[in-house]
Amino acid sequence: MIFVQNNGYPVSGTPATLGIELQNKQLPMIERITRATYNKPENLSFEISEDKTLPYQLHVIETDTNFISVFDRQLLHGNFPTVNKQTNTLLLSQSTAMKIYGNENPTGKKVIDKNQKAYTIGGVFEDFPSNNSISTYEPIEVLIISVLNGFLEQERKGVTRSNTYILLHPEYKPDDLEKLLRSINYTSEFGDEPVQVYACPLGEMKYRNTEYKLFYGFIFLLGLLIFLSALLNYFSFTTGNFYNRIKEFSIRKGIGENRIHLFTLLFTETFLSLLFTGTLALCLNELFVPGLQFSFFRIQLEFDSYLLSGQIIEYLLFCIVLSAIICGTVCIRLNKISLIEGIRFSRHRVRNTLLGIQYFIALFFLSGAAAATFQTWTGRQQLFSSLTNGEKERIFFCPYQPQIYEVYLPDITLQMESEQHGRRYFGSSG
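No experiment lies behind these values; they were computed from the predicted model shown.

A.B. asks: Please explain the overall build of the chain as it appears in this structure.
C.D. replies: Scanning the chain from terminus to terminus reveals 14 helices and 15 strands. By the burial criterion, 32% of the 430 residues in the chain qualify as buried. Within the chain, contacts between residues separated by at least 24 positions form 73% of all contacts whose residues are at least 6 apart in sequence. A total of about 27,600 Å² of accessible surface is found on the chain, and carbon and sulfur atoms cover 59% of it.

A.B. asks: So what exactly am I meant to see when it comes to the side chain of Thr63 here?
C.D. replies: Here Thr63 is to be found in strand β5 (residues 52-63). Only 2.7 Å separates the side chain of Thr63 from the backbone oxygen of Arg35, close enough to count as a polar contact. Residue contacts for Thr63: discarding those within four places in its chain leaves Thr34, Arg35, Ala36, Leu143, Ile144, Ile145, Ser146 and Leu152.

A.B. asks: It is not clear to me how the pairing of strand β9 (residues 118-125) should be interpreted in this structure. Could you clarify?
C.D. replies: The two faces of a sheet get side chains in turn, since along a regular strand they alternate between them. By the criterion of burial, β9 is predominantly enclosed, with 7 of the 8 residues buried. Note that strand β6 (residues 75-77) and β9 share 2 bridges and pair antiparallel. Each bridged residue has a counterpart across the sheet, and for Leu75 the counterpart in β9 is Phe125. When strand β7 (residues 89-93) meets β9, the two strands line up parallel, connected through 5 bridges. Paired with Leu91 across the two strands is Gly123, which belongs to β9. With 3 bridges joining them, strand β8 (residues 110-112) and β9 adopt antiparallel strand pairing. In the sheet register, Val111 faces β9, and the bridge partner there is Tyr119.

A.B. asks: Got a minute to help me understand the pattern of salt bridges in this structure?
C.D. replies: Side chains that differ in sign of charge can pair as their charged atoms come close. Inspection of the entire model under this criterion finds 3 salt bridges. For Lys114, the salt bridge is made with Glu42, and the minimal N-O distance between the two is 3.5 Å. In this pair, Lys114 is assigned in the loop between β8 and β9 and Glu42 in strand β4 (residues 40-49), connecting sequence segments 72 residues apart. For Glu178, the salt bridge is made with Arg182, and the minimal N-O distance between the two is 2.8 Å. Residue Glu178 and its partner Arg182 are both found in helix α6 (residues 174-183); the two are separated by 4 residues, about one turn of the helix. The exposure class assigned to Glu178 is buried, which follows from its relative accessible area of 14%. Using a relative accessible area of 27% as the deciding quantity, one classes Arg182 as partly exposed.

Scoring rules and cut-offs
- Residues numbered from 1 in each chain as written.
- Predicted model: local features only at pLDDT ≥ 70, side-chain atom pairs only at ≥ 80, totals over all residues.
- Heavy atoms only, no water.
- Helix = DSSP H or I, 4+ residues; strand = E, 2+ residues; numbered from the N terminus.
- Buried < 20%, exposed > 50% of the residue type's maximum accessible area, 1.4 Å probe, protein only.
- Contact = heavy atoms within 4.5 Å.
- Areas by Shrake-Rupley, 256 points an atom, 1.4 Å probe, with all protein chains shown as cover.
- Polar contact = N/O pair within 3.5 Å; in protein donor to acceptor, adjacent residues only side chain to side chain.
- Pairing = 2+ DSSP bridges.
- Salt bridge = Lys/Arg side-chain N within 4 Å of Asp/Glu carboxyl O.

In structure tokens, the structure reads:
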């Protein structure tokens, strides 16, 4: 479920009250409703034994007992009746439980959060897929359920910080729920005005009309250009090698070699080259990918070596098929030219075409790099243009986390007040 403002832009998340409102409507097509806060990293202390605790920073979601059922996750340890009856219950993902407790069953262990609130581990659920629309690029490691005086229990109106998910009966689709909401003109209070509530498939509008859409588009375009550059380099080498040997192939044709023998020769050379390259890529993937990570602000990427191995094999098969087409094209071309034409053949036209495409891609990269450099330089000049270099160096970034402000804001305020008092004192005395 999403909120859409009057200007057409979706609101980030939904209030915790939306799930209760929809549940009270008792719409017949809805089977279950669940609410979940944003997936945020938190510091937790885990009880390992009676005299030992270990701290971990894990991604935590506050939710309700329907969350596991809506997303069809199984409990590997613990049971639903017990979890439903307890408060301040914590569930660990399978990989997180293995990282902290190994093969031991952690059910019943105590966990303390940064606010000294105690939780009891109620079970272990099977991992969510890495590629999911619930928490993109951030692992779902910990679920805390039925939190006393938690965010979901407070049910603040006008504050999002959560998402609302609905599981429909099998015979219904999200479009059916959307039509029903429009027919009754369903709205919900958000701030001082009612906003439209829309139903859409999971992940369809998560990043629409946001900065992530531009970021993902740029990353996709960058990866596509890199892939095309590598592909063009390889086939430029392959076709250049073939056309350099046109005289040889023409002589072979003149002494009686047919197209099948020539195709077998060309394709075998290309296949062995691709097989060697693919084997080397798989070996490098096995060596380096398990420790390869990418982090950009809140976006974190962990590469799966098995998944990348499958993609390498797919690309290898694609290149083999394309090589077979190129080899067949060369054989057909040779069959249409005479021996004299083959001896006098020039490959400049094919080479120039491939070089022109590569030049365009390189020019695009250079233009993008230059634009990013000039944009950064211009922004640096315009940002806080009235401040001196010394004052700019004293500016620091602090992420919006309430617990950070509660700890540091009094000290910062006291320091600022002391500096202002000193300026007034020395200014008046001077």
